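Letter by letter, the chains look like this.
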Amino acid sequence: MEIDEETFQSTSSRPQRPSRVTAPVDEAHPFDVESYISNYSGRTAIDRLIHIVQTCPTIAPEAFQLAVQHIHQSRNPGLYQNLLTAYEHASGSSDLSATLPNPLELAPLNMSWADDTSAKNHAERTKLEVELKTYSNNMIKESIRILLEQRNYTHLSTYVFKADAALEAAQNTANASNGGNGGAIGSSGVPTPSVTAGKKKGSVERLQVQSKLDLATALSHLGQSNYEKAAYSFLRVGPAKDLGDWVGTVIAPGDIAVYGTLCALSSLPRTALRTQLLGNPVFGVFIEQEPYIRELIEAYMSSDFKTVLELLNRYSTRHLIDIHLAPHIHELIDQIRNWAVVLYFQPFATIKLDRMSKAFGWTVEEVEKNVVQLIQSGSIQGRVDSQNKILYAKKTDYRADLFARAIKTGTDIQAANRKLLLRMKLYDDFSSLYLQQADLVIKPPKGSTNNAGLMEMRD
């Protein structure tokens, strides 16, 4: 069960985050909302459609109608209010050439269905509360866990003790953390339940559990903007069949290809891309779901960076309407662009900015601005001749560098030796003082002519 009356009340009053970016839909930025949303079902489909209404005002009416259809198939009438809020936000967009149609005339909510569903949710909520109190008094943990999931509580960690239960709770937590706001797993403060005990699984079931855990970990790293760890986690995800019912209800196979590729291109070196991305047959199956991703990878690996940037721009709408990817897409594209500039300049000692502008499809001024930023950040070791528009690589005197490193190594060794001698001296002084205080030093008797030294007795 996905929702109840309490969830209905909270989601209907939850404010929507304003859309910061408007995604265009035209010949230069193609997007088919009906084909896209056919890959999802349940609450995920509704949340993504609400996000599309906010982000793409030009196709808001079509997305609105599809969202109402999915809402009527759910058990949460309150989502219609979230949809209306998003539609009103889209109506006020300055990018619209014409006024959007009235949403109540476009696709009204079936009030009879809404009243019946709310009544059923209230009755079932009351029943579950009684059962929960009974099981809590008897401390039947498994029954408590099931009821908490049905009631959509998020504090399940105490009652989760099987792998499949942990994954189901993690999926419910992910759906609850979205809440129509486009948040990724890991970006909310909701803890993800973990497996604390359970029976040993067979090899097939173990692979299924591991694939789901890898996917949840990848989405968590993406939500925290840790793109390198997210890339490796996405590349470890097993075949789509191992994800089971998560396909469509949490994510689509094409999303894994998009997320994993963009995270990898923005954070991994070419050697890792060649081994982890191109040499990964399982991930290659995901890439087939999004043909442009294959073109993007091939263009990047062949240093055709102009094509890379053109593909990223052409499919920018596809990226901006994704609830997990939208908050990070600009940072990911910036990092991919910076990597491309650094890789392009690596073989050169000097290069004209005009040549770089043709390679990237930028103006000379845009090239100079990006290069200066990379020099200031230390990504490129060089300097720019602004008058002649030439980029010079920093010349390194390898002989002087060798002498400098040798002198530094000698200085470090001297400092380490001095510290070692000081510690030895302190140890000797401390040992002598300890023996004297413990009366373990025997002095020769008075009148003795034996001056051979002191005899020390130790335990």
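This structure is a prediction, so every number in the text was calculated from the model and none was measured.

Things to note about the overall build of the chain
Scanning the chain from terminus to terminus reveals 23 helices and 5 strands. The buried share among the 459 residues of the chain stands at 42%. Of the contacts formed within the chain by residues at least 6 apart in sequence, a portion of 67% connects residues at least 24 apart. Accessible area of the chain: about 25,200 Å², with a carbon and sulfur share of 53%.

Considering the packing of helix H17 (residues 291-301) against helix H18 (residues 305-314)
Put simply, H17 and H18 touch, their axes get as near as 8 Å, and they point 150° apart. It follows that H17 is roughly antiparallel to H18 by the angle criterion. As for the relative orientation of H17 and H18, their crossing is left-handed in sense. Every residue of H18 that contacts H17 at Tyr292, Glu295, Leu296, Ala299 and Tyr300 is listed here: Phe305, Thr307, Val308, Leu311 and Leu312.

Quick word on helix H10 (residues 203-223)
Here H10 contains 21 residues, and its C-alpha end-to-end distance of 30 Å stays within 8% of the 30 Å for a straight helix at 1.5 Å per residue. Restricting attention to buried positions, one finds in H10 the residues Val209, Ser211, Lys212, Asp214, Leu215, Ala216, Ala218, Leu219, Ser220, His221, Leu222 and Gly223. One or two positions beyond H10, positive phi appears at Ser225, with a value near 65°.

Focus on a nonpolar patch on the surface
A contiguous nonpolar patch, built from Leu420, Leu421 and Met424 and spanning about 300 Å² of accessible area, is present on the exposed surface. Structurally, the position occupied by Met424 is in helix H23 (residues 398-437).

Some words on the environment of Ser386
With respect to the helices, strands and loops of the structure, Ser386 is situated in the loop between strand S2 (382-385) and strand S3 (390-393). Separated by 21 residues in the primary sequence, Ser386 and Glu365 place their C-alpha atoms 9.9 Å from one another.

Quick notes on the sheet that holds S2
Here we have 3 strands laid out as an open sheet, ordered S1-S3-S2, and antiparallel in their pairing. Bordering the open sheet on either side are strand S1 (350-352) and S2, each of which pairs with just one other strand. Taking each pair of neighbouring strands and ignoring which way they run, the sheet shows an average axis angle of 20°. As paired elements, S2 and S3 share 4 bridges and run antiparallel to each other. The partner of Val384 across the bridge, within S3, is Leu391. Taken strand by strand, helix H22 (residues 364-377) contacts S2 and S3, and its axis lies near 150° from that of S2.

Looking at the pattern of salt bridges
Applying the stated rule across the entire model yields 15 salt bridges. Taking the shortest distance from any N to any O, the salt bridge between Glu288 and Arg294 comes out at 3.1 Å. In this structure, the salt-bridge partner of Glu290 is Arg318, at a minimum N-O distance of 3.6 Å. Separated by 28 residues along the polypeptide, Glu290 in the loop between helix H16 (281-287) and H17 and Arg318 in helix H19 (residues 316-320) bring together distant segments of the chain. The same class applies to Glu290 and to Arg318, which are both buried. Connected via shared salt-bridge partners are Arg48, Asp255, Glu290, Arg318 and Asp322.

With respect to the nonpolar core
If you look at soluble globular proteins, the nonpolar side chains tend to sit buried side by side. Counting 99 residues, the largest nonpolar core has Ile52 and Met356 as its most contacted members. The biggest single contributor to this core is helix H20 (residues 329-345), with 10 residues. Ignoring sequence-local partners within four residues, the contact set of Met356 consists of Val341, Tyr344, Ile351, Val367, Val371 and Leu391.

Looking at unusual backbone geometry
Phi at Ser225 is positive, roughly 65°, even though this residue is not glycine. Tracing the backbone shows Ser225 in the loop between H10 and helix H11 (227-236). For Lys389, which is not glycine, the phi torsion reads 55° and is therefore positive. Tracing the backbone shows Lys389 in the loop between S2 and S3.

A closer look at the packing of aromatic side chains
Each aromatic ring pair is described using two quantities: the centre-to-centre distance and the angle formed by the ring planes. According to the stated counting rule, one finds 12 aromatic pairs in the structure shown. Arranged with centres 5.4 Å apart and planes meeting at 55°, the rings of Phe31 and Tyr36 form a pair that is tilted. Centroid distance Tyr292 to Tyr315: 4.0 Å. Interplanar angle 15°. Geometry classified as stacked. Here Tyr315 lies in the loop between H18 and H19 and Tyr292 lies in helix H17, a separation of 23 residues in the sequence. On the basis of relative accessibility, which here comes to 5%, the residue Tyr292 falls in the buried class. The rings of Tyr300, Phe305, Tyr344, Phe348, Phe360 and Trp362 are connected pair by pair, giving a single aromatic cluster. The ring of Tyr315 carries Arg314 above its face, with NZ or CZ at 5.9 Å from the centroid.

Looking at the packing of helix H3 (residues 42-55) against helix H4 (residues 60-72)
A pair of packed helices can be characterised by two numbers: the angle between their axes and the separation between those axes. Axis separation between H3 and H4 bottoms out at 9 Å; the angle between their running directions is 160°. Here H3 lies roughly antiparallel to H4, going by the angle between them. Our pair here, H3 against H4, has a crossing hand that is left-handed. For the pair H3 and H4, contact is made by Ala45, Ile46, Leu49, Ile52 and Val53 and by Ala60, Ala63, Phe64, Leu66, Ala67, His70 and Ile71, respectively. Considering only residue class, the contact of H3 with H4 consists of 11 nonpolar, 1 polar and no charged.

The rules we used
Residues numbered from 1 in each chain as written. Predicted model: local features only at pLDDT ≥ 70, side-chain atom pairs only at ≥ 80, totals over all residues. Heavy atoms only, no water. Helix = DSSP H or I, 4+ residues; strand = E, 2+ residues; numbered from the N terminus. Buried < 20%, exposed > 50% of the residue type's maximum accessible area, 1.4 Å probe, protein only. Contact = heavy atoms within 4.5 Å. Areas by Shrake-Rupley, 256 points an atom, 1.4 Å probe, with all protein chains shown as cover. Axes fitted to C-alpha atoms, helices over the stretch in contact; angles between N-to-C directions. Parallel < 35°, antiparallel > 145°, perpendicular 65-115°, else oblique. Left-handed = near helix turned anticlockwise from the far one by under 90°. Expected span 1.5 Å × (residues − 1). Patch = residues over 30% accessible without salt bridge, like charges linked within 9 Å, V, L, I, M, F, W, Y side chains within 5 Å. Salt bridge = Lys/Arg side-chain N within 4 Å of Asp/Glu carboxyl O. Pairing = 2+ DSSP bridges. Core = buried A, V, L, I, M, F, W, Y, C linked by side-chain atoms within 4.5 Å. Phe/Tyr/Trp six-rings, centres within 6.5 Å; stacked < 30°, edge-to-face > 60°. Lys NZ or Arg CZ within 6 Å of the ring centre and 35° of its normal. Nonpolar A, V, L, I, M, F, W, Y, C, P; charged D, E, K, R; others polar.

Treat this as a map of the structure, not an account of what it does.
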